[in-house]
Amino acid sequence: MKIYDTVIVGAGVTGLTAAWRLTQAGQDVLVLEARDRTGGRLRTEDHNGSEFEIGGQWVSPDQEALIGLVAELGLETYSRYRSGESLYVDRSGAARRFTGEDLPVEEQTAKEIDRIIGVIDELAELMDPDRPWEHPQAAALDRVSFAQWLDAQTDDQEARDNIALYLGPAMLTKPIWSFSALTAVLMSASAGSFTHLVDADFILDKRVVGGLASVPSALAERLGDKVRLSSDVTHVAWSDSGAVVTVDGEQVGATSVVLALPPTHVRRIRIDPELPAEHRHAREHQSFGLVIKVQAEYDTPFWRSGGLSGTGFGPWQLVHEVYDNTPHPTGPGAATGTIVGFVSDVNADEVGRLSDDERRARILASLAAYFGEEALTPRTYVESDWQHQELTGGAYATSFDVGSLTRYGAKLHEPVGPIRFGSSDIAGHGFQHVDGAVRIGTRLAEQILGHSSTVQ
Ligand code: FDA
């Protein structure tokens, strides 16, 4: 049996970053990936000759670890198209134009939105996102749902619905009553502030030429035959001196093992001796959010000629946010115009029960609420399907239920014998984002190399 320095399970950005850093340090590594491709939650697909990013795609200025890796790999970025007016679809279904950050709502509601943004910013300021459980108000904030916390902030329903939109459907992709106020503060602190999260021009700033999936592809290319595809790891036997990893009946040895998987997927692997009870409990309190990313490609970006940027928000719409997603001018599909939109949590549950044709009709009708009847007839229509893939199971990422971040958060970072765990879903900075995957992958490599002895 061949014995590697480190066997890494999962060829998403976390696993590939760890593998690349360990290889650069001279380690003999093997990456085992269950799918027949690398990249995990990043994938670029061709549909009718145009390029569509099916998973993660945007990069924001605070994501320094990802920006550094993109540059190191020789990849280029470009700005999301954003010239022109944005849209706000109000409760009556009317689309109202606006510019800048301030939604076209009553003055009093705008003031309430700004005030609550300030309150969350202050809470986020007090948080080290790598240790959210140490926030001075951690216990109190983790025992209430974000919905309960928000109800206590204001009686203004429209202000509540808009604040809820940013952290529920748009970020954690769960109903706001299913995660804690502390998790909402973590999501804000992980991006620097809540102000950053509500600023689409900041949080959805840049894209990578060729797609964000070029990052794992470039890493895998450098790793060459150290990455083995279609290798679903089913069993890890360990002792204090190392581990034996079983894949397709074959066994490989390792001094260290990294399970570079979302916490929900650790339990797919039989670990022997089994993980301490608290480790299992911690992961049982994690679950994936659910969002359906939809992209509609038109013969032209018709909204641009009407003075619209393609950006829009509709807290009461099936598609709660939309953006211009036309690829880079040199990329396939650049001559057309693409809108991306998102259907989240309970809305995604509801349309998920419909036939494909019914769901498409409902989603396009919602796009038409923003852009008019022209939006009803795209030349290409693409829905991302992560919820149907066992090796992911939702989108964008996993998070804790109410009360579990303080109870179990630190546990997800603890190694067990020679086994270490990681993914974007346990990151502090870059939580649930590719930047977090780069940071966690780097940290795991440093820990294995002995450059960083602490868990955080
Ligand atoms: P990831 O899940 O990518 O990798 C885990 C890998 O392990 C997978 O390849 C899986 O197949 C493999 N695996 C699982 N079990 C295995 C086993 N037993 N044996 C072997 N292999 C196994 N982020 C961002 O920064 N900007 C954005 O715009 C977006 N938008 C976005 C949209 C959508 C629709 C999604 C789904 C996600 C995003 N994200 C995002 C989130 C981002 O994509 C995500 O945080 C990272 O890609 C996660 O990378 P990881 O490597 O941590 O996990």
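The structure contained in this document is the topic of the report that follows. All of these numbers come straight from a predicted model, not from anything done at the bench.

About the cut-offs
- Throughout, a residue's number is its position along its own chain's written sequence, starting from 1.
- With the structure being a predicted model, the display of local features is reserved for residues of pLDDT at least 70 and the display and counting of side-chain atom pairs for 80 or more, all residues being used for whole-chain, interface and lining totals.
- Derived side-chain values reflect all non-hydrogen atoms in the structure, with water molecules and hydrogen atoms excluded from consideration.
- Definition used for salt bridges: Asp or Glu carboxyl oxygen within 4 Å of a side-chain nitrogen of Lys or Arg.
- Here a strand is any run of E in DSSP of at least two residues, a helix any run of H or I of at least four, and the numbering for each starts at the N terminus.
- Here, nonpolar core means buried Ala, Val, Leu, Ile, Met, Phe, Trp, Tyr and Cys residues that are tied together by side-chain atoms lying within 4.5 Å of each other.
- Buried, partly exposed and exposed residues are distinguished by accessible area as a fraction of the type maximum, computed with a 1.4 Å probe on protein chains only: under 20%, between the cut-offs, and over 50%, respectively.
- Contacts are residue-level and defined by heavy atoms, with any inter-residue pair within 4.5 Å sufficient.

## Quick word on the pattern of salt bridges
Here comes step 1: One pass over the structure, following the stated rule, counts 32 salt bridges.
Here comes step 2: A salt bridge links Arg91 to Asp161, with the nearest nitrogen and oxygen atoms 3.5 Å apart. Of this pair, Arg91 sits in the loop between strand E7 (85–89) and strand E8 (95–98) while Asp161 sits in helix H6 (residues 157–172), placing them 70 residues apart in sequence.
Here comes step 3: A network of salt bridges, in which partner residues are shared, links Arg80, Arg82, Asp201, Asp205 and Lys206.

## What about unusual backbone geometry?
Here comes step 1: Omega for the bond connecting Asp272 with Pro273 falls within 30 degrees of zero, at 0°, which places this linkage in the cis form.
Here comes step 2: The step from Ala395 to Tyr396 runs through a cis peptide bond, and the omega angle for that step is -5°.
Here comes step 3: With respect to the helices and strands, Tyr396 occurs in the loop between strand E20 (380–383) and strand E21 (398–400).

## Quick notes on the nonpolar core
Here comes step 1: Ranked by size, the top nonpolar core spans 95 residues in total, and within it Phe146, Trp149, Ile163 and Phe194 carry the most contacts.
Here comes step 2: In this structure, Phe194 is in contact with Ile117, Ile120, Asp121, Ile163, Tyr166, Leu167 and Ser188, ignoring residues within four places of it in sequence.
Here comes step 3: One finds Val89, Val294, Ile363 and Leu367 within the second-largest nonpolar core, a separate group that totals 24 residues.

## Structural notes on the environment of Gln432
Here comes step 1: Among the structural elements, Gln432 can be located in the loop between strand E22 (419–421) and helix H16 (434–449).
Here comes step 2: Each C-alpha atom of the pair Gln432 and Ala397 lies 5.6 Å from the other, and the pair is 35 residues apart in sequence.
Here comes step 3: Those residues in contact with Gln432 that lie beyond four places of it in its chain are Met171, Leu172, Met187, Ala397, Thr398, Ser399, Ser424 and Asp425.

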